[in-house]
Every structure is written in structure tokens, then in C-alpha cells.
Amino acid sequence: MTVKLALMNIKKRAMDYMVLLAGLVMSVATFYLFQTLSLNRGFLEEMVPSLSMIGFIFQLGAVLLGMITIVYLFYANSFLLAMRQKEYGMYLMLGAKKQKIRQMMSIELFALGSLSLVLGVVVGMLFGQVATGSLLSKMGLTSNSYQAFSPLALLVTVVFFALLFLLAAIFNGLKFTRMPLLSLLKETESGEKHQKKSRFTFLLTIFSLVLLAIGYASLWNLKTIGITGLVIALFTITFGTFFFFKALFPFVVNLLKNNKRFSNKQLRMFTLSQLSFKASALSRVLGMVAMLFALSLGAITVGNAFNSYKESLLQQFPYDVLVYNPKAETLKEIDQLTIEKKQMYQIKQVDNQLYFLESELKAAPLMLQDGFGFEGEIKPYTDIKAGDRYSFDTNSDLEFQIVMAFQRLSNPYADYLANSIYHVVDQATFDQIKAEPQLIHTYKIKNFTDSIATLEAIDQIENGGTAEAGMLGSKVSAYVMVDQFVSGFVFMGMLLGIAFLAMLASCLMFKVLSGAYQDIARYQMLHKIGVQKKALERSIAQEIFAVFLIPGIVGTIHVLFGLKMFELLIPEPYAYILIPFVSFAILYFIYYIVTVILYRKIVLPK
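Analysis parameters
- Residues numbered from 1 in each chain as written.
- Predicted model: local features only at pLDDT ≥ 70, side-chain atom pairs only at ≥ 80, totals over all residues.
- Heavy atoms only, no water.
- Salt bridge = Lys/Arg side-chain N within 4 Å of Asp/Glu carboxyl O.
- Helix = DSSP H or I, 4+ residues; strand = E, 2+ residues; numbered from the N terminus.
- Buried < 20%, exposed > 50% of the residue type's maximum accessible area, 1.4 Å probe, protein only.
- Pairing = 2+ DSSP bridges.
- Core = buried A, V, L, I, M, F, W, Y, C linked by side-chain atoms within 4.5 Å.
- Contact = heavy atoms within 4.5 Å.

Draft legend 1. Up close: the pattern of salt bridges. Within this structure, the stated rule accounts for 3 salt bridges. Residues K444 and D320 are paired through a salt bridge, measuring 3.8 Å at the closest nitrogen-oxygen approach. In this pair, K444 is assigned in strand β8 (residues 438-445) and D320 in the loop between α14 (308-316) and β1 (321-324), connecting sequence segments 124 residues apart. Note on K444: relative accessible area 29%, which makes it partly exposed. A salt bridge links D320 to K475; the shortest N-O distance between them is 2.5 Å. Residue D320 is found in the loop between α14 and β1, and its partner K475 is found in helix α20 (residues 475-514); the two are separated by 155 residues along the sequence. K475 carries the same exposure label as D320, and that label is buried. If you follow the salt bridges from partner to partner, you end up with D320, K444 and K475 in one network.

Draft legend 2. Quick peek at the pairing of strand β7 (residues 421-425). Of all the 5 residues making up β7, 5 are buried; the element is thus mostly covered by neighbouring parts of the structure. Where burial is concerned, the two faces of β7 agree: the one with I421, H423 and V425 and the one with Y422 and V424 are both buried. Pairing between strand β3 (residues 353-357) and β7: 5 bridges, direction parallel. Note that in β7 the partner of Q353 across the bridge is I421.

Draft legend 3. Spotlight on the nonpolar core. Counting residues in hydrophobic clusters, the biggest one holds 119 residues, and the most contacted among them are F306 and Y599. Considering each element in turn, this core owes the most residues, 20 residues, to α20. Not counting residues within four places of it along the chain, the set of residues in contact with F306 comprises F485, V486, F489, L569 and I570.

So, in C-alpha cells, the structure goes:
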């Protein structure tokens, strides 16, 4: 009988449970996906071989997601309990025992938890398989190292969420047992508690700001601190965010409410009273939403920031086309390009000894990288003379960069020549070298990205049509390979961003719409005393706008500081933030409009 009654209650409250279920399914799916990725070390090393700590980063992501999930589950659970308390009080008045009601509550919770766990793992596996399959396809790679089903990831996910649901059931039972019947019947009519002591609010605010400052400083100086900075930032920013909202949100709302010049205009007093009435629970939700906002926007922004790889690549290759003794077919393809600059060099090779003419290197200087890594700028180098000899067997940074400049003139369609030694000679010495001279043609063209098809045709002609794109040493080959790599990570960032956005939507919508039923009587009262419908609609829009805006601002600040740590991986992580920021803002605004419309339909008189 208890089981049947519990299932009937779930069916009766299907809409409320569906919102909670959607959030839990996305939480389980995303948590399982992070666990699976962190445990598929072979796959991660294939995808990002330059970042050895990538598995650890995904584990940190799973920890952060777990912390957010704990807050979300316990908040949603306590809110559902509060929403049902009057109903439980009626059961007690009709003679039901508290023990039976506790059993019913536990059955409802475990039924919901079991369903969300099963659906979440299935969605996580499908999501991971589709995401990695699409990622590999866009990158032009094949790999069998990723396993969507991981027994260890499944075990960690099941144990983690089973413990959460067990603790939630215990919490429900203890809270329900201690509540008298009158409190159960009148619970929904009382406001939420908030801090009254300004000293406590001040100290908690300072503490939260200190935690956030430590977290931001750790991210900003990650190059110096190392992996420890990530761990520090994870905990300080997460706890700092929750403490910040817990301390300031109720305080600021009451401060505005007490400012008569501000609050006495239009329906602001009613709007602020609504926020004040819900301030305590809202502060917890807004902290969680701010973190999910940062994760969602951050995933999309970082994925899009991988586009800077392509720009960096274009800068690192000083020659758009480089061909040794070009064939007639190659010259025909080159004629189709818009040439901005053309240079030619003669070269002779004897074993690993390569000879260049001083006069040609004076007329068309070597292109030298000024510095190392992504930040190095390519500049012409003229301080070169006959008799100079260069090889990798040197301790000089300048000579190393000169050798690299000579390497950029290597034949992209020939095998790599190890231990090359480069000589700069005059014309007389060059003529005496017993070897056939080769002629190097280099071109700088207009609109490189618009000429990909022609450049790939040149690659195929010079290599006899035997090599795949990305397998040669030409600029276009490297560009195609990086473009596939970037497309994959942009796609992955979008998928993760959408997953976090779905969690965010579920959390915020659950809070706003579930509380709407308690607000019906207040809006009906205002309507009866003559308040116009437009004024009520404006009040609703302002109240929900505040709930959306504040975590959005905090989450954006988190992202702006968080992008700093990706300088270890991405050339210019801040260069491509405009499009994802604007796109995300539009999606977030659409979600706000939808929430306002749904809320109005519930609370406003028909």
C-alpha cells in the first residue's frame, strides 16, 4: 500500500518531478562522462599528447561537478519536502503514522534516484560515444581506445549517487520527524530565514572575497604554481561563490527594500518582498547556477578558442607555398593563385651539408622566429655572411633559431634530413661545389584560407598523389590537420557547454517554477485590489531578471579568470571570446523569456 501511494504521489506531481528528474539525469550523465574520459587515458593521450595532466583535469572537473550536484540534490530534495509538507500534515490528521510517511518519502526518493541513475548512465554512454565519434570524425582520425562503458566509471557513479540519495533520505526522515503537525500545515505560508547580524554578513562577505581572490590569483599564475593552482582554484572559487551569495544576496535585497526612494516606485516593494521572502534558498541556488553558468560558458568559449591554433599556424609558416624545382602542372596551379610576394633560392646538397648563396639570403632574408612558442613573431634576419655555418649542435638560442629558419626552406615533399648542416657561401664557392643546384620557389599569397583547394592540388602533384592531407610538411597540409583538430574541440566544447546549460536550466527553472504555485494567491490579491496586469507582468520580469542576471555576472567573471589557465594549451584563449559570449547571452536571454512566460501562465489570473 505504501509503495502504491508513493507511486501515485509521483504521478500526481509529475511536472515537478520531471524538472528535478531532468536535472538529475544530466548530472549523472555529465558526471559519468567525466569519469569515463578521465579513465580512458589512452584516448586522452592520443587526442592531447602535449598535455600529460589531461586525465587529472577531467578528474578535477568530476569533483567540481560532484560538489555542485550535492548542493543541487540537497536543495531540490529539501524544496520538494517543503512543497509536500502540507500534504504530509493532512495524512497525519487522517491518522497515518510518521513511520509510514517516512517510508513513502524514501520510496519516492529512491524511485526517482534509481530512474535518474539508469537514464543518466545510458545518456552518458550515448553522449560520450556520439561526442567522441563526432570528435574523431571532425579531426579525421580513427581510434578504438575510447570505451563508452567503463566498469570503474559506472561503479564510481553508482556509489556516489547512491550515497547522495541515502543521505537525502536520512535528512528527510530526521527533518520530518522533528516537525510538529502545525508547522507542517503552515510551512508554505512562512518566509525563509535570512541572516540578521550585520557583523556575520560582513565577515562572511570578506571571507568569500578572500577565497575568490585566492582562486583567481591561482588561475592567473598557473604557469608558476603548476597543477597545485588548479586544485586551489577548484575549492576556493567554488566555496567562495556559495559564501558570496549566502552573505550578500539577502543583505542587498533587504538594503534595497529599506531604501524608500528606490522601493516605493511602482511595484518595486512587492518585487523586493518576493525576493526577500525567498532570499535564503535563492542564495544557495544562485551560487550553484553561477558555477554551472561558468562551466557552460567556459566549455563553449575554450572550445571556440582552439581556433587561435589556426591563426598561430598561419603566422608560424612564412611561406604559403614552397616547392623545389616545380613541375609544369604545379606552376599551372600556382598561376591560379593571387601572388603577393615571390622569392627564389638556389641550394646544393652534399649528404647532410646544405649550401646557400649569401647574395640571395641578403636579397631575400631568412625568416627568423623572435622567441619561442606561440608568442614568437616571424621576422627577417639580415645579419648573415659568407662563411657562416649553422647546425643544431649549438648552445646559442640565436643560432638555433637560424637553423630553424633554414629548416623552413626544407623540401616539404622529401624525407626529413637529420643532422643537417647549413653553409652560407659566395658565388665562387657555390660554383665549385660538385652537386646539381636545385631551385626553391617560395610564394606569399592573398587569402590563404580561400585557396585551400588549389594548395592541396599542388601537394598532390608534387607528392605524386600518394599522401593524405595532414601527412605532408607543407603549410596547407599542417593547416588542414590543425583545422580538423580544432573543429573537433570546438564541437566537444559545444557539447559539454550544452550539457552544463541543461543542468543550469533544470536547476533555475525548478526553483522559479516550483515556487510559482505559492505565489498565485499573492498575485491574485494584487489583481483584486486593482493592480493592472501589465504592472504585474513587469514585476515578474524584474524579479526573474534579477535571479538570472546576478549569477550570470559572477559566472562571466569566473570564465574571464579561468581562461588564463588555458594559455598553457591555447595560443590566445581571449582572442575568440566575443562570438561564444554573445551566442551564450542570446541563449540565456531566450531561456529567461521562456521562464517568464511559463511563470506568468501559472501565477497571473486567466
